[in-house]
Amino acid sequence: MLGMLTALGPFTIDLYLPAIPALQLDLGITEAAAQLTLTGTVFGFAAGQLLVGPLSDRLGRRGPLIAATVLHVAASTGAALSEDLGPLMLFRVLQGIGAAGSSVVAIAMVRDLYDGLRLVKMMSYVALVNGMAPIFAPVIGSQLLLLTDWHGIFGALAGYGIFAFATAVLLLNESLPPERRPTSGPKLLRRYSLVLRDRVFVGLLLVGGLNFSGLFSYLSASPFVFQDVYGLNEQAYGLLFMVNSLGVVAGVQTSARLVHRFGAQWIIAGATLAQVFFALCIIAGDQLHLGFWGTAVPLWFYICATGFNFPCIQGLALHRHGAQAGTAAALLGAATFGFSGAISPVVGLLGVGSATPMGSVMVACILLAIAALWLVVRPRQVPRMT
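Basis of the calculations
Residues numbered from 1 in each chain as written. Predicted model: local features only at pLDDT ≥ 70, side-chain atom pairs only at ≥ 80, totals over all residues. Heavy atoms only, no water. Salt bridge = Lys/Arg side-chain N within 4 Å of Asp/Glu carboxyl O. Axes fitted to C-alpha atoms, helices over the stretch in contact; angles between N-to-C directions. Helix = DSSP H or I, 4+ residues; strand = E, 2+ residues; numbered from the N terminus. Left-handed = near helix turned anticlockwise from the far one by under 90°. Nonpolar A, V, L, I, M, F, W, Y, C, P; charged D, E, K, R; others polar. Patch = residues over 30% accessible without salt bridge, like charges linked within 9 Å, V, L, I, M, F, W, Y side chains within 5 Å. Areas by Shrake-Rupley, 256 points an atom, 1.4 Å probe, with all protein chains shown as cover. Lys, Arg positive; Asp, Glu negative; His and termini not counted. Charge placed at Lys NZ, Arg CZ, Asp CG, Glu CD. Phe/Tyr/Trp six-rings, centres within 6.5 Å; stacked < 30°, edge-to-face > 60°. Lys NZ or Arg CZ within 6 Å of the ring centre and 35° of its normal. Buried < 20%, exposed > 50% of the residue type's maximum accessible area, 1.4 Å probe, protein only. Parallel < 35°, antiparallel > 145°, perpendicular 65-115°, else oblique.

**Comments concerning the pattern of salt bridges**
So, point 1. Scanning the entire structure with this criterion turns up 2 salt bridges.
So, point 2. Here the residues in one salt-bridge network are Asp57, Arg61 and Asp112, joined through shared partners.

**Topic: the packing of helix H4 (residues 31-59) against helix H6 (residues 85-113)**
So, point 1. Relative to each other, H4 and H6 sit at 35 degrees, their axes nearing to 6 Å. Regarding H4 and H6, the two cross each other, and that crossing is right-handed.
So, point 2. Residues of the contact of H4 with H6, tallied by class, amount to 14 nonpolar, 11 polar and 1 charged.

**Regarding a negative patch on the surface**
So, point 1. On the surface, a cluster of negative charge is made up of Asp26, Glu83, Asp84 and Asp149.
So, point 2. Looking at the secondary structure, you find Glu83 in the loop between helix H5 (62-80) and H6.

**Section: the packing of aromatic side chains**
So, point 1. Taken as a whole and judged by the stated rule, the model has 15 aromatic pairs.
So, point 2. A ring pair is formed by Trp150 and Phe154, whose centres lie 6.1 Å apart and whose planes are at 85 degrees; its orientation type is edge-to-face. Within this pair, Trp150 and its partner Phe154 are both found in helix H8 (residues 150-170), separated by 4 residues, close to a single helical turn.
So, point 3. Positioned over the ring face of Tyr16 is Arg92, at 4.2 Å from the centre of the ring.

**Some details on the environment of His319**
So, point 1. Residue placement: His319 occurs in helix H13 (residues 291-319).
So, point 2. You can call His319 partly exposed: its relative accessible area is 29%.
So, point 3. For the pair His319 and Leu331, spaced 12 residues apart in the sequence, the C-alpha separation amounts to 14 Å.

**Describing the packing of H4 against helix H14 (residues 325-350)**
So, point 1. For the pair H4 and H14, the least separation of the axes is 8 Å and the interaxial angle reads 170 degrees. It follows that H4 is roughly antiparallel to H14 by the angle criterion.
So, point 2. Here the contact of H4 with H14 is built from residues that sort into 14 nonpolar, 13 polar and 1 charged.

Shown next as structure tokens:
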């Protein structure tokens with residue numbers, strides 16, 4: 001159930017990816033403006049986590065979760081009825097805020113129940129279910145486009161939100177009972193201050209945000225690169241997206257099995273080096289005109305290396321802040337999607353007429369992540385989790 005709740009965010013982002021080129025033509029907007037509908041959701045997702053996370057530390061997990069899913073349903077309905085870019089952007093931001101509540105609360109609930117290496121393992125289980133969202137969302141979206149237009153995609157997201165609401169109300173137990181909640185304590189900004197004083201956490205925040213930003217450059221550029229440049233139709237693009245997302249699942253599950261032997265910080269160190277290598281291969285394949293396979297093959301391995309990082313970053317960061325699990329999870333999520341929202345327009349500005357801009361943004365993001373890992377986190381000084 002927690003995996004399904006965290007998947008609401010990726011579904012909100014990925015379900016309509018195959019429809020972006022059609023949305024651009026229908027609204028008569030530029031490619032960069034079409035990508036802004038994605039960026040708006042991401043910023044909403046980041047802001048929503050900063051609000052809902054600390055509230056769930058004070059009020060419990062279920063109440064904020066239920067309120068967030070109601071907002072998501074209302075915003076999805078508004079987006080489905082939109083006929084202009086302005087209202088659509090507004091509802092996309094609200095969609096992101098609503099989806100954020102389910103994601104941050106689900107991650108906080110895992111931390112309520114588990115710690116140490118067991119926490120990393122349970123995060124990988126949630127990520128396995130969550131990882132199905134990018135696999136199936138574009139495929140489902142591309143099939144929905146055979147029956148409806150982009151308006152119908154948002155109607156389907158409203159249906160998912162109703163399902164999440166029913167799950168929260170009827171099936172999900174409270175993991176933070178009243179006796180474990182602070183009756184008094186630090187205010188909102190004070191809670192953030194307590195977490196952000198931890199140098200290792202701040203470093204992991206940067207690594208996590210930049211790691212996902214590299215992946216998000218693929219999410220924002222791939223509809224144009226693979227449909228417009230390489231000529232895939234919406235259904236073939238959905239299948240390609242499914243195969244690529246299997247890379248995330250493979251990386252997450254392999255990482256969870258290796259963490260006992262090598263330590264989470266060293267898995268992150270190795271995975272980021274692999275990401276730089278495969279991103280450079282994407283650029284080289286494009287410049288050497290190797291075509292579709294010259295981009296698709298190294299891209300899959302880049303995505304797989306990205307998956308190695310997810311449970312390790314979350315596990316290391318939340319392990320250190322069990323008493324402020326909601327706040328810590330909110331900061332992780334906000335950094336992840338805030339960085340991505342800021343960086344994704346860069347790909348559009350550099351151009352989506354080839355795979356080189358996408359690969360270049362990936363290289364830049366991961367080089368910065370490596371710098372944050374070694375200069376801020378300092379893996380040699382981080383004790384291994386038990």
